[in-house]
Amino acid sequence: MPTTSEDEIEAAVDAASLAVRRGRPVVLPTDTVYGIGADAFDATAVARLLSAKGRGRDMPPPVLVADATTLDALATSVPDYARTLVERFWPGPLTVVCHQQPSLQWDLGETNGTVAVRVPDHDLARRLLARTGPLAVSSANLTGQPAATDADRAMEMLGEVVAVVIDDGASPGGEASTIIAATDDRPRVLRVGAISVAEIDEVLAELGVTVEEPEDPASGTSAGETQEPSEDA
């Protein structure tokens, strides 16, 4: 049953944040689909997350944060166009892949020195993130299966391996985030999701910047990217 009262919400956030501190994966709602999350700075917890989904290190999970001010703590050499997109679309369904801060002590997988970051437009998710700090979060599903858009479906696929499931009813979005690479002078679309290429181009027009669209329209990914687009929330 969805958490509805303030007491239920507080109890769910408390339980989930405790589980994260103990290195256990949790299921949380977002503005796109349900996600499975773990402490981004706990390599063992991230490995559990990937194992639960049946994924390898070659598809590292994105990182969700509570607010945009955390971006510079995780990423370096962030281009002006990326900051413009963040200002327009965060909180929201835009994941930005940047060069990661070299001082970070974490292991998300084979990231090739990049990190994919997003601020979800979901109060309950951000409330949890404010408690836990950055979470490695991927869509709550087994690899190859559709992403869960409600807690029951997430439980069916991942219930045996997660410590806590926060039920907030059906996902308001249901479509995964759009992923943009911000590692070069020109932004590249790695996956088209809830935000269209036209919307991104409109925001960047004032900067005189155009976005490079996916080379493979069928898959929505660009070849030779620094970090492979993954299922994400």
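Heads up: these notes are all about the structure in this document. Being a predicted model, the structure only gives us computed values, none of them experimental. (Residues numbered from 1 in each chain as written. Predicted model: local features only at pLDDT ≥ 70, side-chain atom pairs only at ≥ 80, totals over all residues. Heavy atoms only, no water.)

## What about the overall build of the chain?
Along the chain, the regular secondary structure elements total 7 helices and 10 strands. For the chain, whose C-alpha radius of gyration is 16 Å, the value lies close to the compact-globule estimate of 17 Å for 233 residues. For the C-alpha atoms alone, the extent of the chain along its principal axes is close to 50 × 35 × 30 Å. In the chain, buried positions account for 54% of the 233 residues. Intrachain contacts of the chain at a sequence separation of at least 6 include 69% that bridge at least 24 residues. As displayed, the chain has an accessible area near 9900 Å², and 47% of this comes from carbon and sulfur atoms. Taking the 17 positively charged and 38 negatively charged side chains of the chain as two groups, their mean positions are separated by 6 Å. (Helix = DSSP H or I, 4+ residues; strand = E, 2+ residues; numbered from the N terminus. Rg over C-alpha atoms; globule rule 2.2 N^0.38 Å. Buried < 20%, exposed > 50% of the residue type's maximum accessible area, 1.4 Å probe, protein only. Contact = heavy atoms within 4.5 Å. Areas by Shrake-Rupley, 256 points an atom, 1.4 Å probe, with all protein chains shown as cover. Lys, Arg positive; Asp, Glu negative; His and termini not counted. Charge placed at Lys NZ, Arg CZ, Asp CG, Glu CD.)

## What about the environment of leucine 158?
Turning to its location among the elements, leucine 158 is positioned in helix α6 (residues 151-158). In this structure leucine 158 touches Ile36, Ala52, Ala140, Asn141 and Leu142, once residues within four positions along its chain are discounted.

## Concerning unusual backbone geometry
For the bond from tryptophan 90 to proline 91, the omega torsion is -10°, close enough to zero to count as cis. Following the sequence through the fold, proline 91 ends up in the loop between α4 (80-89) and β5 (94-100). The backbone of serine 77 sits at a positive phi, close to 55°, despite the residue not being glycine. As for its position among the elements, serine 77 is in the loop between β4 (75-76) and α4. Although it is not a glycine, asparagine 112 sits at a positive phi angle of roughly 55°.

## Focus on the pattern of salt bridges
Here the structure, examined in full by the defined rule, presents 11 salt bridges. For arginine 127, the salt bridge is made with glutamate 10, and the minimal N-O distance between the two is 2.7 Å. Highlighted residues: arginine 127 in helix α5 (residues 123-132) and glutamate 10 in helix α1 (residues 6-21), separated in sequence by 117 residues. Residue arginine 127 is classed as partly exposed on the basis of its relative accessible area of 29%. Residue classification places glutamate 10 among the partly exposed residues on the basis of a relative accessible area of 26%. Put simply, arginine 118 and aspartate 31 hold a salt bridge, and the shortest N to O gap is 3.0 Å. (Salt bridge = Lys/Arg side-chain N within 4 Å of Asp/Glu carboxyl O.)

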